[in-house]
Amino acid sequence: MSLMVDGSEHGPWTVLCISGELDLVSSPAVRQHVHDAVAAGRRDLVLDLSDVLFCDSSGVGVLIAARRLMRSCQGRLRLILPAQGAVDGSHVNRVLAALGVRRLFDVYVDVESATGGAGEPLSA
């Protein structure tokens, strides 16, 4: 399965909706989209991972690198990882939790809560 990335703007937030598999082959494309958003002056970024079916260590590395990049430019990064997925919630959420890095990210259930001021991040 290939990876697709669609971008949109929600106020100050740039939302990148990622679908498919986030792995060694596809993760450089996500990295490039994140860098392009920062190069365009966007400092508030949401990665919607609701439709990511598979994520390996390369994908996790891209997420951690995106967090580091956004912090270095005084930006914000939020992830969308729905609690309910195909089986027992989001695959990416389970991978991040298993690797012990889930707590590094502000995670929301949908675009509205991630880009709005009222929503609180989910606990790790």
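One can find the structure itself at the top, above this paragraph.
Now for a description of the structure that goes with this document. Keep in mind the model is a prediction, meaning the values are calculated, not measured. (Residues numbered from 1 in each chain as written. Predicted model: local features only at pLDDT ≥ 70, side-chain atom pairs only at ≥ 80, totals over all residues. Heavy atoms only, no water.)

1. Some remarks on the overall build of the protein chain
A count of helices and strands for the protein chain gives 4 helices and 5 strands. For the protein chain, the proportion of its 124 residues judged to be buried stands at 44%. The contacts in the protein chain between residues at least 6 apart in sequence include a share of 66% that link residues at least 24 apart. (Helix = DSSP H or I, 4+ residues; strand = E, 2+ residues; numbered from the N terminus. Buried < 20%, exposed > 50% of the residue type's maximum accessible area, 1.4 Å probe, protein only. Contact = heavy atoms within 4.5 Å.)

2. Thoughts on the sheet that holds strand β2 (residues 13-22)
If you walk across this open sheet you meet the 5 strands as β1-β2-β3-β4-β5, and the pairing is mixed. Looking along the sheet, the strands with just one partner apiece sit at the ends: β1 (4-10) and β5 (106-108). The sheet shows a mean angle of 25° between the axes of neighbouring strands, direction not considered. Taken together, the 9 bridges between β2 and strand β3 (residues 44-55) define a ladder with parallel strand orientation. Its bridge partner lying in β3, cysteine 17 is registered against aspartate 48. Sheet strands in contact with helix α1 (residues 27-39) are β1, β2 and β3, and its direction is about 175° off that of β2. Across the face of the sheet, helix α3 (residues 91-99) comes into contact with β3 and β4 (76-80) while running at roughly 95° to β3. (Pairing = 2+ DSSP bridges. Axes fitted to C-alpha atoms, helices over the stretch in contact; angles between N-to-C directions.)

3. A few points about the nonpolar core
One finds Leu47, Leu49, Leu79 and Leu96 to be the most contacted residues of the largest nonpolar core, which totals 30 residues. Every element with two or more residues in this core is listed here: β2, α1, β3, α2 (57-72), β4 and α3. When residues in this core are grouped by element, the largest group, 6 residues, is from α2. Apart from residues no more than four positions distant in its own chain, leucine 47 is found in contact with Leu16, Ile18, Val34, Leu63, Leu77, Arg78, Leu79 and Ile80. Counting 7 residues, the second-largest nonpolar core is a separate cluster that includes Trp13, Val46, Ile80 and Val111. (Core = buried A, V, L, I, M, F, W, Y, C linked by side-chain atoms within 4.5 Å.)

4. Brief notes about the environment of leucine 81
With respect to the element layout, leucine 81 can be found in the loop between β4 and α3. Here leucine 81 falls in the buried class, since its relative accessible area comes to 0%.

5. Some words on unusual backbone geometry
Residue glutamine 74 is not a glycine yet carries a positive backbone phi of 55°. Note that glutamine 74 resides in the loop between α2 and β4.

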